[in-house]
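Architecture at a glance
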Amino acid sequence: MFEKPDARHRRKTDAVVLRPSPIKKESGNPRKFLCEGDAEAVCRGVILKRTLFRVRDEMYAMIIKKHIFQSLYMQVLAAVAVGIVVGHYWPDIGASLKPLGDAFVKIVKMMIAPIVFCTIVLGIANMSDVKAVGKTLGKAMGLFYVLTGIALMTGLMAVYLMQPGRGMNIDPAHLDPSVAQKFSAAAAPRGFTEFAMHLIPHSFFGAFAEGEVLPVLLLAILIGFGISRSGRLGEPVRASIDSFSHVLFTVFGFIMKLAPIGAFGAMAFTVGKYGMSSISSLSLLIVTFYVACGLFVFVVLNALAHVHGFSLWRTLKYFREELLVVLGTSSTEPVLPQVMLKLERLGCRKGVSGLVLPMGYSFNLDGTAIYLTLASIFIAQACNIDLSLTQVLAMLFLMLLTSKGAAGVTGSGFVALVATLTVMPDIPVAGVALIVGIDRFMSEARALTSLVSNIVATIVVSIWENACARDVLHQELRDGGAVADDRAAVPVEASPVSVVRSIDEAKNAAKVA
């Protein structure tokens, strides 16, 4: 039944060696193997080991053989490039493609509220110590305000060093005030009382109908606490929400296949509507903003990641699909569910990452913070207005509030800028007319910076709360760049990495035995 070992591997004693030998492939038949000893059990062990190796090799081969353009990453990248070409050479056609991008963002926003609700409810309901929720939220808010403060200072430093508004000599009396008036109506609530009242939905289902994250977050925390305190009676509700969340993520996987179409339409509209000429006229301002965002990501966030023991570059590579979707749509909302799913795969506990990430979408808009200081000082420079140190400090304190208050509003960066300048009498609010034509090109960097900051912040808070499996984090970041695309719609418990990890554990156990 089994092939006899040759003369080179005869037993030296009558004892049976229970350790399988390394597999040796013969030139005639590579599937044949040699083992030490005549014991049938040992040979069965070697067969099992060989099977596990073959399953792992076939799994890797299946991933490697996948055509490059079947990857969502490459599809979105190609769609963005085609959108730029269409918008540049056929601007009328490009401008008419705006509904494609708007429809994609709208259909994704339809799924965000229930997915956030289910994720947070399940995370809190499964936590062994529900009292830790308050501590987690406190640490997250502290980190958010520190990062926002650094982002504001980064934008301030960049605009004062590069001075993109010097020499423009704009007369504020000649500016069009109607541009600011159009956005002031959408400005965020002012004052803590109005902001707190804004968090409370009008009804249970009103939180989902409005589509804003913070009211849903409040409702999910309350329901999660209720389930955890109900004991056995709350178990059917928890199981139902768990099943519903699996359905939602499956549906979201289907929707994400439309991401290349949405990115193509949004990019074609941006280039076709505003044209490359609008970029060249204020190119120094755009370059200054992109430099400031780059400094914040690759200096501040890179240092934060390094201190906590993970690589920012590998993290960016792991989330490359989501970053490209944000680049194409200029919005972070379409990728929120997918980012939450990938953070779980990185080893972050759902109870922590499900709380911190949606909060970051409202309270950690670092790209917007950089934009606020840079755009405000640019308008002052263009209008030849010199601000004193006291005025600058007052502006920074005000922006700590307005950068949070505009969360959930479409075009939140521009709306927050209008809200800030409306309160500050030193800079004319009509000055926003100078940058309204290029705001769309800057919104992409705003969204990308805010998304990267929220991803890093969520991992850091998870590490602080001992809610991140460090070995899983490092393994996923090491291997995820090659296989993350193939696991986009695969449940966590069935992902190839977990299977391969089990195979490797079995292999190591066989070696020890």
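Residues numbered from 1 in each chain as written. Predicted model: local features only at pLDDT ≥ 70, side-chain atom pairs only at ≥ 80, totals over all residues. Heavy atoms only, no water.

1. Observations regarding the nonpolar core
- In this structure, Phe310, Ile435 and Ile459 are the most contacted members of the largest nonpolar core, which totals 126 residues.
- The biggest single contributor to this core is helix α4 (residues 98-125), with 14 residues. (Core = buried A, V, L, I, M, F, W, Y, C linked by side-chain atoms within 4.5 Å. Buried < 20%, exposed > 50% of the residue type's maximum accessible area, 1.4 Å probe, protein only. Helix = DSSP H or I, 4+ residues; strand = E, 2+ residues; numbered from the N terminus.)

2. Let's talk about the pattern of salt bridges
- Per the stated rule, a full pass over the model turns up 5 salt bridges.
- The residue aspartate 386 makes a salt bridge to arginine 166 at a minimum N-O spacing of 3.7 Å. Residue aspartate 386 is located in the loop between α17 (366-382) and α18 (389-405), and its partner arginine 166 is located in the loop between α5 (132-162) and α6 (178-184); the two are separated by 220 residues in the primary sequence.
- Residue glutamate 322 is joined to lysine 342 by a salt bridge in which the shortest nitrogen-to-oxygen separation is 3.2 Å. Pair noted here: glutamate 322 is in helix α14 (residues 320-329) and lysine 342 is in helix α15 (residues 336-345), with a separation of 20 residues, a long-range link.
- When its relative accessible area of 2% is taken as the criterion, glutamate 322 is described as buried.
- Among the residues examined, lysine 342 registers a relative accessible area of 1% and is labelled buried. (Salt bridge = Lys/Arg side-chain N within 4 Å of Asp/Glu carboxyl O.)

3. Some details on unusual backbone geometry
- Despite not being glycine, glutamine 163 has its phi angle at roughly 45°, a positive value.
- Looking at the secondary structure, you find glutamine 163 in the loop between α5 and α6.
- For glutamine 163, a relative accessible area of 34% gives the class partly exposed.

4. Focus on the packing of aromatic side chains
- A complete count under the given rule lists 5 aromatic pairs for this structure.
- With a centroid separation of 6.3 Å and 85° between ring planes, the pair formed by phenylalanine 289 and tyrosine 290 is classed as edge-to-face.
- The exposure class assigned to phenylalanine 289 is buried, which follows from its relative accessible area of 0%.
- Since its relative accessible area comes to 36%, tyrosine 290 is described here as partly exposed.
- Between phenylalanine 289 and tyrosine 371 the ring centres are 5.9 Å apart and the planes differ by 80°, which places this aromatic pair in the edge-to-face class. On the criterion of sequence distance, the pair formed by phenylalanine 289 in helix α12 (residues 283-307) and tyrosine 371 in helix α17 is long-range, its members being 82 residues apart. (Phe/Tyr/Trp six-rings, centres within 6.5 Å; stacked < 30°, edge-to-face > 60°.)

5. Considering the packing of α4 against helix α16 (residues 350-363)
- It is the contact of α4 with α16, at a shortest axis distance of 7 Å, that shows an interaxial angle of 140°. Relative to α16, the element α4 is oriented oblique. Two packed elements cross with a definite hand, and for α4 against α16 that hand is left-handed. Judged by residue contacts, Val116, Thr119, Ile120, Leu122, Gly123 and Ile124 of α4 engage Lys350, Gly351, Gly354, Leu355 and Pro358 from α16.
- Of the residues that constitute the contact of α4 with α16, the class distribution is 6 nonpolar, 4 polar and 1 charged. (Axes fitted to C-alpha atoms, helices over the stretch in contact; angles between N-to-C directions. Parallel < 35°, antiparallel > 145°, perpendicular 65-115°, else oblique. Left-handed = near helix turned anticlockwise from the far one by under 90°. Contact = heavy atoms within 4.5 Å. Nonpolar A, V, L, I, M, F, W, Y, C, P; charged D, E, K, R; others polar.)

6. Observations regarding a nonpolar patch on the surface
- A cluster of nonpolar side chains, Met157, Leu161, Met162, Leu284, Val287, Val291, Leu295 and Val299, forms an exposed patch at the surface whose accessible area comes to about 670 Å².
- Secondary structure elements with two or more residues in the nonpolar patch: α5 and α12.
- With 5 residues, the single largest contributor to the nonpolar patch is α12.
- Along the chain, valine 299 turns up in helix α12.
- Residue classification places valine 299 among the partly exposed residues on the basis of a relative accessible area of 49%. (Patch = residues over 30% accessible without salt bridge, like charges linked within 9 Å, V, L, I, M, F, W, Y side chains within 5 Å. Areas by Shrake-Rupley, 256 points an atom, 1.4 Å probe, with all protein chains shown as cover.)

7. Some words on the environment of valine 133
- Here valine 133 is to be found in helix α5.
- C-alpha separation for the pair valine 133 and phenylalanine 225, spaced 92 residues apart in sequence, amounts to 9.7 Å.

8. A word on the environment of alanine 430
- Looking at the secondary structure, you find alanine 430 in the loop between α19 (412-423) and α20 (439-464).
- Taking C-alpha positions, alanine 430 is 7.4 Å from proline 172, a pair spaced 258 residues apart along the chain.

9. Comments concerning the confidence of the model for the protein
- Of the residues in the protein, 70% reach a pLDDT of 70 or more, and the chain-wide mean stands at 75.
- Mean pLDDT across the secondary structure elements of the protein bottoms out at helix α22 (residues 496-512), with 43, and peaks at α12, with 93.
- In this model residues 482-513 is a low-confidence stretch, pLDDT under 50, and it forms 45 contacts with partners more than four residues away in sequence or in other chains. (pLDDT = per-residue confidence, 0-100.)

10. With respect to α12
- For α12, with 25 residues, the first-to-last C-alpha span of 35 Å sits near the 36 Å given by 1.5 Å per residue.
- Taking the largest bend as the criterion, α12 deviates by roughly 25°, centred on leucine 301.
- In the stretch just after α12, glycine 309 is the one whose phi turns positive, near 85°. (Expected span 1.5 Å × (residues − 1). Bend = angle between axes of the 7 residues up to and from the residue.)

11. Some details on the side chain of threonine 136
- Along the chain, threonine 136 falls in helix α5.
- Leaving out residues up to four positions away in the same chain, threonine 136 has contacts with Val352, Val356, Val461 and Glu465.

12. A few points about α17
- For α17, with 17 residues, the first-to-last C-alpha span of 24 Å sits near the 24 Å given by 1.5 Å per residue.
- Counting buried positions along α17 yields 17 of 17 residues, so the element is predominantly enclosed.
- Just downstream of α17, asparagine 384 is the residue with a positive phi angle, here 60°.

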